[in-house]
Structures are given as C-alpha cells and as structure tokens.
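Survey of secondary and tertiary structure
Below are the chains, spelled out letter by letter.
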Amino acid sequence: MAPIIRMVGLTKRFGGFTAVDRLDLEVEEGEILGLLGPNGAGKTTTILMLATVLKPTEGTVYIGPYDVTKEADKARRLVGVAFQEPKLLWVDSPWSVLNWHAKVCGLPSGERRRRIRWVLEELGIWDVRFKSAHSLSGGTRKRVEVAKILVQRPKIAIFDEPTAQVDVVGKHKIWGMIRELRDEGSTIILATNELHEADVLSQRIAIMHRGKLLVCDEPRRLKDSIPGGDVVEVSFEGGVPEMVTEELRRIPTVVEVSAARQNQVKIYLNRAEEALPRIAELLLRLGLQAKSMRVSEPSLDDVFAHYTGLTIEEAQRR
Amino acid sequence: MMNPKRVWVVAERDVRSLLRQKSMLAMRVAWFAAQVAFFGLIANYMFREDVLAAMGGSYLEYYVAGMVVTMLYSTAIFIGYDVYEEADHGVVEYLLSLPVSRRELVVGRSIGSGVRSLLHVGPMIVIALYLTGTPSALQLSTSLFCLFLFAFGASGLSITVAAALKSSDRFDILMGVVDALAVRLSTALYPVAFMPSYYGGLASINPITFAADLFRWGAGLESALLTPPLLAVVGIVAFSSTFTFLGVALYERRLEGGGWR
Ligand SMILES: Nc1ncnc2c1ncn2[C@@H]1O[C@H](COP(=O)(O)OP(=O)(O)O)[C@@H](O)[C@H]1O
Ligand SMILES: [Mg+2]
C-alpha cells in the first residue's frame with residue numbers, strides 16, 4: 001500500500017536553530033504512528049508543517065498526492081490537528097468551539113449536533129458545554145481540543161500530546177476513541193513524550209531527538225533491537241562508583257552498561273539468569289551494598305537510551 | 001476558487017463575537033448620542049449662513065453623517081486586535097490548520113468584521129437618519145452597501161497591518177496615528193472648502209471621504225458631497241480590493257514563516 005504521508009528531507013529552521021532536521025518518514029494509511037520524543041525534540045514543529053501551518057524551510061511532505069509546498073489548500077483538507085495547547089479564546093464555550101469547527105469542516109447540521117453530543121458525553125464534558133473556557137480546568141480544555149478532531153473525523157488525524165493534563169480515566173477514554181477512529185479508516189499520528197501512551201496505541205513508533213529521526217519501527221521490534229534481550233537494573237544506596245560499570249562490562253553475557261540515574265546502573269545482557277550470580281558476586285567483592293536488583297524486558301526508554309545515551313526524563317530536563 | 005459557504009462560516013465567527021460586546025456597544029452609542037446632541041448641535045449655532053451652505057445647510061446633519069463613518073472605521077479596525085488576541089492564545093495556528101484556503105480565511109474575516117462593524121454602528125446610523133431623513137429606500141440601501149464595502153476594506157487594512165507588524169504595541173501606535181490623520185484629512189467632520197489646498201488634495205483621495213460622501217448621498221445631503229457618488233464607489237472598491245489582496249498575501253507569508261512567536 002502506498003504511504004498516505006511521505007516526509008522527504010523535511011526541515012524547519014527558526015533563525016539559526018534547526019528544530020526539525022531532514023526528516024524522512026512515511027506513514028501508512030490506517031495506522032497509528034507514535035511520534036515519541038522528549039520536549040523540544042521537534043514533534044510539534046513537524047506536525048505544524050504537516051498541517052500546513054508552518055512552511056518547511058527545506059524538503060517537503062506529501063499528504064496523499066499533494067505536496068504541501070505546492071498544493072497546501074488541498075493537503076489541508078485531509079488533515080485535522082488536536083493541538084498540544086488547547087486553542088480556545090477565554091470567552092469561547094466548548095459547544096460554540098465544536099459547533100463552529102464542525103461547520104467549517106463541512107458537517108451538515110444534524111450530523112454535527114449528533115456527533116458533538118456523542119463526543120462530549122463520551123469525554124464526560126457534556127455538562128460544561130456552555131461554560132466559557134476561562135472557567136474550565138486544563139484537563140477539560142484539553143478534552144475540548146481533542147473533541148474537535150473526534151467530531152471532525154478527518155482522513156488524517158493528528159493528536160499532539162492528547163492526554164497531557166488529563167486524568168487516568170480520561171486517558172483511557174481518549175485512547176479508546178483514537179483507536180475507534182483508526183478502525184473507521186483514519187490514519188493517526190500521535191505525538192507524545194509518554195512511553196506508555198506510545199507503546200499501547202501505536203503500530204509503529206518514530207523516535208525523535210533534537211530535530212532528528214532516530215529510528216522508526218514497531219514497538220516490539222524496537223525493543224528486540226536492543227542489544228541483549230534482558231535488562232538488569234541495580235540500585236545502590238549511594239552513588240555508583242566508576243569502576244563498577246567497568247567491571248560489569250567484563251562479564252561475558254553483558255552487552256552494555258549505562259548509568260541511567262545517579263544511584264542506578266542498567267545492564268543490558270543476554271541470559272540474565274546466568275549472569276545474576278556473577279553480578280551479585282562482583283558487588284560482594286567490591287563491598288557494595290545493592291538496594292535492589294530487578295530483571296526486566298527492555299522498554300521504549302531503553303530504546304531511547306540506546307540511541308541517545310539519555311533516558312527520556314534526562315533529555316526532557318536539558 | 002473561493003467557496004462562498006466556507007467564506008461565510010469564517011465570517012460568521014467574527015459576526016457572532018458582536019454579541020460579546022454588548023456593554024461596549026452601549027457605551028459607544030451613548031458617547032455618539034452625546035457627541036451629536038452637544039457638540040453637533042452647539043457647533044451648528046457657531047457657523048454663519050454662508051458657511052452652513054457649504055455643508056448642505058446644517059452642520060448637525062453634516063457632522064452626524066461624518067461621525068457614523070469615523071465610528072465605522074474605528075470599529076472595523078478592531079479586527080486587528082482580535083488577530084493579536086488570537087495570536088496570544090495560539091488560535092492563529094488553529095485557523096491556519098482549518099480546511100479553508102488563506103484567501104477564504106482573510107476574505108471571510110474581512111466580511112465578518114465588515115458586517116459586525118455595520119451592525120455595531122447600526123444604532124448610530126438610525127440616530128443619523130432620524131436627523132437627516134433619506135430620499136429613497138433604494139438610495140439608502142445602496143449607500144449602506146457601500147458603507148459595508150468600506151468597513152470590509154478597513155478590516156482588510158487592519159488584518160494586513162496586524163500581520164505585517166506582529167506586535168500589538170506597534171499596531172496600537174500605528175493605527176492610532178493612521179486613525180487620527182485619516183479622519184482629519186477627510187471630509188468626515190468638515191468640508192474640503194475650508195481646508196488648505198494641500199490638505200484638500202489628500203482629503204479628496206481618502207477612502208473615509210468616499211464613505212462619508214456615499215453615506216451623505218444616501219441620507220439626502222447631496223449638496224454636501226465632494227466626490228460624485230459613482231467615483232466614490234470606484235474609490236471604495238479600489239480601497240477594499242487592495243487591502244484584501246495585501247491581507248491575503250501578508251497573512252500567508254508572515255504567519256507560515258513561523259516567526260509569530
Ligand atoms: N516559532 C518558533 N520560533 C523559534 N523556535 C521555535 C519555534 N517553535 C519551536 N521552536 C523551538 O524548536 C524546538 C522544537 O520544538 P517543538 O517542535 O515544540 O518540540 P516538541 O513538540 O517535540 O516538544 C524547541 O527547541 C523550540 O523551542
Ligand atoms: Mg510539542
């Protein structure tokens with residue numbers, strides 16, 4: 001099947017700063033593509049170019065058959081974006097925002113009312129539909145923003161951090177509705193910095209860091225691509241002495257050791273069960289007290305760390 | 001090509017915002033009524049017969065018609081402030097992402113702002129017509145349509161300048177200066193007969209003059225006109241199309257570059 005979105009060397013510079021750096025990425029029709037990366041990775045800027053809000057500095061993106069640098073008006077008709085920051089004026093009410101949005105997207109009046117009611121009820125904000133935006137909580141405003149696209153049901157639906165500030169129940173509801181939209185045939189791009197969200201929703205995940213695409217694949221395969229099939233996390237009471245990582249690397253099945261957090265090392269290795277006694281032995285020999293030792297499967301965080309040397313949390317802070 | 005339905009949906013959003021400005025509307029109508037009842041009436045007594053003749057016999061009538069046009073102009077300019085408020089809330093990006101072309105967006109908003117401005121000065125138009133009367137319903141509706149075209153053009157001007165400046169402080173200053181000069185260098189408040197010739201030259205090509213002339217024509221103050229109505233219409237159409245065109249071009253170029261933030 002031909003991809004419905006095709007980014008070709010997509011680049012955006014703001015002055016001398018490169019926010020999106022030569023992105024080459026294709027999105028298949030009918031999939032949910034997770035765009036995962038820490039704050040500042042360039043996810044939102046990429047989305048704004050897909051939505052024809054920003055013009056690429058270099059390269060382009062094809063939305064269906066349309067090149068956004070040449071046929072922006074046609075490209076725009078296929079896309080709907082639920083923005084990261086809710087786009088509401090203080091005086092707007094959820095009802096008026098959604099009604100106007102649906103109207104401008106060409107929905108006839110009966111269908112409009114039916115869909116808006118359904119989405120507002122599903123998201124639990126039907127009761128506040130006539131309140132003005134300034135009296136609504138951040139989570140509610142975010143739901144209104146997401147509701148726009150759930151009402152519109154565009155061919156290509158883009159959600160920029162759709163559940164930031166939304167409570168757990170709301171999160172699951174939104175995830176369910178995004179899946180439903182995909183099942184009806186929409187293609188979905190989901191930008192997020194939450195590993196779990198990307199993991200549970202996406203068919204494929206594209207990981208971005210500092211404007212660059214690091215890798216794009218199915219979550220399962222991303223995790224499998226981590227050298228060593230297992231991860232052992234060892235936490236210490238105090239800091240981690242430099243020589244510990246050196247010594248750990250000498251254990252034959254160990255592939256990689258990284259000091260993920262201050263008091264913790266992550267050991268990527270094969271056959272953890274064989275290596276565990278040797279790790280314990282080593283710590284004992286060095287006179288180090290381990291607070292905990294945990295064996296797990298690699299997560300997306302490990303995938304991110306593998307490519308950047310940083311956990312997502314650390315990358316957020318920079 | 002523009003789709004009229006989409007243009008109207010865009011326009012409707014700005015028209016509807018009129019409902020939120022009820023107290024402001026009341027305040028401006030009260031200000032207008034007081035200005036006419038005091039200044040207009042008293043100034044009328046201050047002029048000699050031959051002076052009044054140059055204004056069609058009554059300064060009060062001349063003044064009230066001109067005031068309507070200046071109020072219409074300053075109301076239409078408001079759309080620029082809306083553009084800034086939307087930029088502050090990030091709504092610009094939302095508007096740019098909608099399945100609407102840039103031309104439909106700018107034209108729709110200029111129409112919306114034009115209609116909104118005309119409705120806003122509606123009560124003032126009623127006060128003015130109460131004082132002046134009108135020769136015929138056809139003449140009046142033609143002249144009101146021209147006022148709409150003028151407000152449409154002034155809205156395009158405001159959107160153009162807002163998109164070009166991107167700073168609401170600079171916009172405020174520039175539009176304040178333009179407002180002060182454009183109103184004073186027009187025949188809105190006094191006829192060209194009393195202006196020094198270098199002012200008169202500018203006044204005779206000023207869209208505010210054209211609009212004032214056309215409203216006076218609709219209100220039956222024909223002896224007070226500077227420009228023949230047909231020429232004034234041409235002037236207003238030229239004014240409106242220039243700024244609609246510039247508005248579309250600038251809105252697109254400046255905003256999509258991403259330098260708004
Ligand atoms: N309009 C702009 N002008 C200047 N810099 C910008 C602009 N928009 C985004 N940036 C910068 O580009 C980088 C990427 O931002 P963004 O795309 O918002 O990342 P993300 O959505 O992944 O958090 C950030 O460093 C941000 O500060
Ligand atoms: Mg973002």
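This is a predicted model, so every value here is computed, not measured.

Residue and element names in this part refer to chain A. Within the protein, Thr44 (OG1) and Gln84 (OE1) serve as the donor atoms for the magnesium ion (ligand 2), at 2.0 to 2.1 Å. Of this pair, threonine 44 sits in helix H1 (residues 43-50) while glutamine 84 sits in the loop between strand E6 (79-82) and helix H3 (94-104); the two residues are 40 residues apart in sequence, bridging distant segments of the chain. Look at threonine 44 and you get partly exposed, because its relative accessible area is 25%. By relative accessible area, which is 26% here, glutamine 84 ends up partly exposed.

All names here are of chain B. The residue aspartate 213 is located in helix H12 (residues 207-218) in this model. Buried charged residue aspartate 213 carries no salt bridge. Nearest counter-charge: arginine 216, at 4.6 Å. In this structure aspartate 213 touches Thr187, Ala224, Leu225, Leu226 and Thr227, once residues within four positions along its chain are discounted.

Residue and element names in this part refer to chain A. Taken in spatial order, the 4 strands make up an open sheet running E2-E1-E4-E5, and their pairing is antiparallel. Looking at strand neighbours, the two that pair on one side only are strand E2 (17-28) and strand E5 (66-67), the edges of this open sheet. With 8 bridges connecting them, strand E1 (residues 3-14) and E2 associate as antiparallel partners. If you follow methionine 7 over to E2, its bridge partner there is leucine 25. In the packing of H1 onto the sheet, the strands contacted are E1, E2 and strand E4 (58-63), and the crossing angle to E1 comes to about 120°.

Take the nonpolar core next. Note that soluble globular proteins tend to have their nonpolar side chains buried in a common cluster. Membership of the largest hydrophobic core comes to 109 residues, with the highest contact counts inside it found for Ile5 and Ile63 of chain A together with Phe150, Phe215 and Tyr251 of chain B. Looking at which element gives the most residues to this core, the answer is helix H4 (residues 59-76) of chain B, with 13 residues. Once you skip the residues sitting within four places of it in the chain, isoleucine 5 of chain A turns out to touch Leu25, Glu26, Val27, Leu50, Val61, Tyr62, Ile63, Ile156 and Ile189 of chain A. Formed by 32 residues, the second largest nonpolar core is a distinct cluster that contains Ala133, Val146, Val151 and Ile178 of chain A.

Before going further, it helps to spend a moment on the site of ligand 1. Of all residues adjacent to ligand 1, which total 13 residues, the nearest are Gly40, Gly42, Lys43, Thr44 and Thr45 of chain A. Near ligand 1, residues from chains A and B are present, making the site a shared one. Contacts to ligand 1 include alanine 41 of chain A, whose backbone N or O atom sits 3.1 Å from an oxygen atom. Threonine 44 of chain A is positioned such that a nitrogen or oxygen atom in its side chain is 2.7 Å from an oxygen atom of ligand 1. Taken by itself ligand 1 offers 570 Å² of open surface, and the protein chains cover 73% of this. Taken together, the residues of the shell around ligand 1 break down into 5 nonpolar, 6 polar and 2 charged.

This part is about the interface of chain A and chain B. Between chain A and chain B, the residue contacts involve 27 residues of the former and 28 residues of the latter. Contact between chain A and chain B buries roughly 2600 Å² in total, counting both sides, with carbon and sulfur atoms accounting for 57%. Summed over the three residues of chain A that lose the most area to chain B, namely Arg76, Leu89 and Trp100 of chain A, the buried surface amounts to 27% of that side. For the interface between chain A and chain B, the tally reads 2 salt bridges. Here glutamate 93 of chain B ties to lysine 87 of chain A by a salt bridge, and the two come within 2.8 Å at their closest N and O atoms. Between the two partners, chain A and chain B, sit 8 residue pairs in polar contact (both at pLDDT 80 or more). Contributions of two or more residues to the side of chain A that touches chain B are made by E1, helix H2 (72-76) and H3 of chain A. If one sorts the elements of the side of chain A that touches chain B by residue count, H3 of chain A sits on top with 5 residues. Of the residues that constitute the side of chain A that touches chain B, the class distribution is 15 nonpolar, 3 polar and 9 charged.

About the thresholds
Numbering of residues begins from 1 in every chain and follows the order in which that chain's sequence is written. All chains are assigned letters beginning with A, and all ligands numbers beginning with 1, in the order in which they are written. pLDDT decides what is reported in this predicted model: residues at 70 or higher carry local features, side-chain atom pairs at 80 or more are listed and counted, and totals for whole chains, interfaces and linings draw on all residues regardless. Neither water nor hydrogens contribute to the side-chain values; these are computed over all heavy atoms in the structure. Counted as donors are the N, O and S atoms within 2.8 Å of the metal, or 3.2 Å for Na, K and Ca, while water is not among the atoms, so some sites may look incomplete. A run of DSSP states H or I qualifies as a helix once it reaches four residues; a run of E qualifies as a strand once it reaches two. Both are numbered from the N-terminal end. Partly exposed describes any residue whose relative accessible area lies between the buried limit of under 20% and the exposed limit of over 50%, with all areas from a 1.4 Å probe on protein chains only and scaled to the type maximum. Asp and Glu are treated as the negative residues and Lys and Arg as the positive ones, with His and the ends of the chain left uncounted. When a carboxyl oxygen of Asp or Glu lies within 4 Å of a side-chain nitrogen of Lys or Arg, that pair is called a salt bridge. Any two residues having at least one pair of non-hydrogen atoms within 4.5 Å are treated as being in contact. The criterion for strand pairing is that DSSP finds at least two bridges linking the strands in question. Each axis is a line fitted through C-alpha atoms, taken for helices only over the stretch in contact, and angles between the N-to-C directions span 0 to 180 degrees. For our purposes a nonpolar core is just a set of buried Ala, Val, Leu, Ile, Met, Phe, Trp, Tyr and Cys residues, chained together by side-chain atoms within 4.5 Å. We call a residue near a given molecule or strand whenever any one of its heavy atoms falls within 4 Å of it. We call two N or O atoms a polar contact when they sit within 3.5 Å, provided that within protein one can donate a hydrogen and the other can accept it, with sequence-adjacent residues counted only if both atoms are side-chain atoms. We get accessible surface area from the Shrake-Rupley algorithm with a probe of 1.4 Å; when it comes to residues, only the shown protein chains can shield them. Ten residue types, Ala, Val, Leu, Ile, Met, Phe, Trp, Tyr, Cys and Pro, are classed as nonpolar, four, Asp, Glu, Lys and Arg, as charged, and the remainder, Gly among them, as polar. Reported buried area values correspond to the accessible surface (1.4 Å probe) lost by two parts on association, with both partners' losses combined.

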